[in-house]
There are 2 protein chains.
Amino acid sequence: MNRRLTQRGRERRQQLMSYAITRFAENGYHPTSVAEIVHGLGVGKGVFYWYFASKEELFLEILRDAQRQLRRRQEAAIADEPDPVRRIELGIRASIAWIDENRDVVKLLQFAATEERFAPVLRRGQDVAVADTARHVKEGIVEGRIRDLDPFVLSHAVLGVAGHLAREFVHERSQSVDDVAEAAVAFCLGGLMGSPPD
Amino acid sequence: MNRRLTQRGRERRQQLMSYAITRFAENGYHPTSVAEIVHGLGVGKGVFYWYFASKEELFLEILRDAQRQLRRRQEAAIADEPDPVRRIELGIRASIAWIDENRDVVKLLQFAATEERFAPVLRRGQDVAVADTARHVKEGIVEGRIRDLDPFVLSHAVLGVAGHLAREFVHERSQSVDDVAEAAVAFCLGGLMGSPPD
DNA sequence: GGCGTTCTTGACCGCGCGGTCAAGTGATCC
DNA sequence: GGATCACTTGACCGCGCGGTCAAGAACGCC
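What you see is a predicted model, and the numbers here were worked out from it, not measured in a lab.

How should I be thinking about the nonpolar core in this particular structure?
Generally speaking, a soluble globular protein has its nonpolar side chains buried in company with each other. Membership of the largest hydrophobic core comes to 114 residues, with the highest contact counts inside it found for A:Phe187 and B:Phe187. In contact with A:Phe187, other than residues within four places in its own chain, are A:Val161, B:Arg147, B:Leu154, B:Ala157, B:Val158, B:Val161, B:Phe187, B:Cys188, B:Gly191 and B:Leu192.

Teacher, can you tell me more about the protein's contact with DNA strand D here?
Neighbouring DNA strand D are 21 residues, the closest being A:Lys45, A:Lys55, B:Thr6, B:Gly44 and B:Gly46. Of all DNA strand D atoms lying within 4 Å of any protein atom, the proportion belonging to sugar or phosphate reaches 65%. Between DNA strand D and A:Lys45, the relevant distance is 2.6 Å, taken from a base oxygen to a side-chain nitrogen or oxygen of the residue. Within the side chain of B:Arg12, a nitrogen or oxygen atom sits 3.1 Å from a phosphate oxygen of DNA strand D. Only α3 (45–51) of chain A together with α1 (7–27) and α3 (45–51) of chain B provide two or more residues apiece to the surface near DNA strand D. For the surface near DNA strand D, the element with the most residues is α3(B), which contributes 5 residues. Split by residue class, the surface near DNA strand D holds 7 nonpolar, 8 polar and 6 charged.

Just to check I follow, could you spell out the protein's contact with DNA strand C for this structure?
As a structural note, the neighbourhood of DNA strand C is formed by 21 residues, with A:Thr6, A:Gly44, A:Gly46, B:Lys45 and B:Lys55 the closest of them. When atoms of DNA strand C within 4 Å of the protein are sorted by moiety, sugar and phosphate together comprise 62%. Within the backbone of A:Gly44, one N or O atom sits 2.6 Å away from a phosphate oxygen of DNA strand C. Within the contact set of DNA strand C, a phosphate oxygen lies 3.4 Å away from a side-chain nitrogen or oxygen of B:Ser33. Of all the secondary structure elements, the ones that give two or more residues to the surface near DNA strand C are α1 (7–27) and α3 of chain A together with α3 of chain B. In terms of residues, the surface near DNA strand C owes the most to one element, α3(A), which gives 5 residues.

What is the right way to look at the pattern of salt bridges in this model?
Proximity of charged atoms lets side chains of opposite charge pair with each other. According to the stated counting rule, one finds 43 salt bridges over all chains in the structure shown. Of the charged contacts, one joins A:Glu143 and A:Arg145 as a salt bridge, the two residues approaching to 3.2 Å between their closest N and O atoms. What makes A:Arg145 partly exposed here is its relative accessible area of 30%. Here B:Glu26 makes a salt bridge to B:Arg23, at a shortest N to O gap of 3.4 Å. Taken as a pair, B:Glu26 and B:Arg23 lie in helix α1 at a separation of 3 residues, close to a single helical turn. Overall, B:Arg23 belongs to the buried group, its relative accessible area being 15%.

Thresholds, definitions, all that
Residues numbered from 1 in each chain as written. Chains lettered and ligands numbered in written order. Predicted model: local features only at pLDDT ≥ 70, side-chain atom pairs only at ≥ 80, totals over all residues. Heavy atoms only, no water. Core = buried A, V, L, I, M, F, W, Y, C linked by side-chain atoms within 4.5 Å. Buried < 20%, exposed > 50% of the residue type's maximum accessible area, 1.4 Å probe, protein only. Contact = heavy atoms within 4.5 Å. Near = heavy atom within 4 Å. Polar contact = N/O pair within 3.5 Å; in protein donor to acceptor, adjacent residues only side chain to side chain. Helix = DSSP H or I, 4+ residues; strand = E, 2+ residues; numbered from the N terminus. Nonpolar A, V, L, I, M, F, W, Y, C, P; charged D, E, K, R; others polar. Salt bridge = Lys/Arg side-chain N within 4 Å of Asp/Glu carboxyl O.

As structure tokens, then:
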């Protein structure tokens, strides 16, 4: 399905993808039919199959796109910050901002994690993100500013907190992105730097 | 669909539910047909509709069951522990143990969160769990052992970490439940008690 | 204007879905 | 043994799904 596309074609493709995202997010992937998508856009069914080989391929495309975007966002945020701990903080903030701005896509990522068919694509993306964070965590450990626990576990914990708080408070409860990011950062830095009690 | 069931009937019902759980977890809710479920059990289709009004109702039943179980497990674990911080720790451990023992159901809970139709049932359960945790967090704050942040945010952060680490390391990477629980507890207690740096 | 390419249409296909139901089987109680 | 109730069967139904395709429309280029 790697067609030569004109400008017009590229726009149609984009239109299909973004409309599909909203329908999938609202209704679920399976319950949303191809007919529903093309009808909502006021075009014939052939348009869909001109741009995508199948409903499944469209969905995979959406997933890959989303992961690419998030990654770029995180990289841009971190840029050339030298302090590893601060890099982690910036990464958390960037992720939460992105989750805020991409509710629909986030829902699709969550769904994809529950279907064996889509999970592999997802895992690769997540592994990359974790590896990125883990690098900074390792540096932090070397500098003695983060406690000496498995960097992968710590990275996953950080991602778990950021993702969960963003979904719960930004998406579901419409709280301010900044407040939520603040709380996530505070909790994560506490978790990373420790001060285990008793 | 509140039928009078004999002992035999109750067993069939249970059999249908647990087999459906494994099929749904493996294949996804939508892609798994009622025909597939009854065929896998070697019974006629009528059996299914004798015990459940619809495929959707069966799924809701599974969700309610799961939440009830998890809650009971957490309550049992906490029992009459007087120390609030320790109660949180025991809750984390109990949750991770339950997630370990109920992979399939956990996958279904995750899926349910992505379909508008099922989300409400889920939210009620989650709200209860968060409220429980938040009670202990509040006590900890009063005692000055947990930093003075929004108890609901902290509770969600804790649940986010426990859930994510359990899924990632116990389910996906088959690591020891105890190790994962240990890490989750360490991170969460750090996040709760703070020691914010700079 | 002519021609090749890109794009669009919508009727159509076969299939398998969720759900129904008339008919029948087995246990239990009197 | 007959009545009642709990359970089981599987053919059947209508529908809407994902996907196809022959026929054209619109565009870009000479």
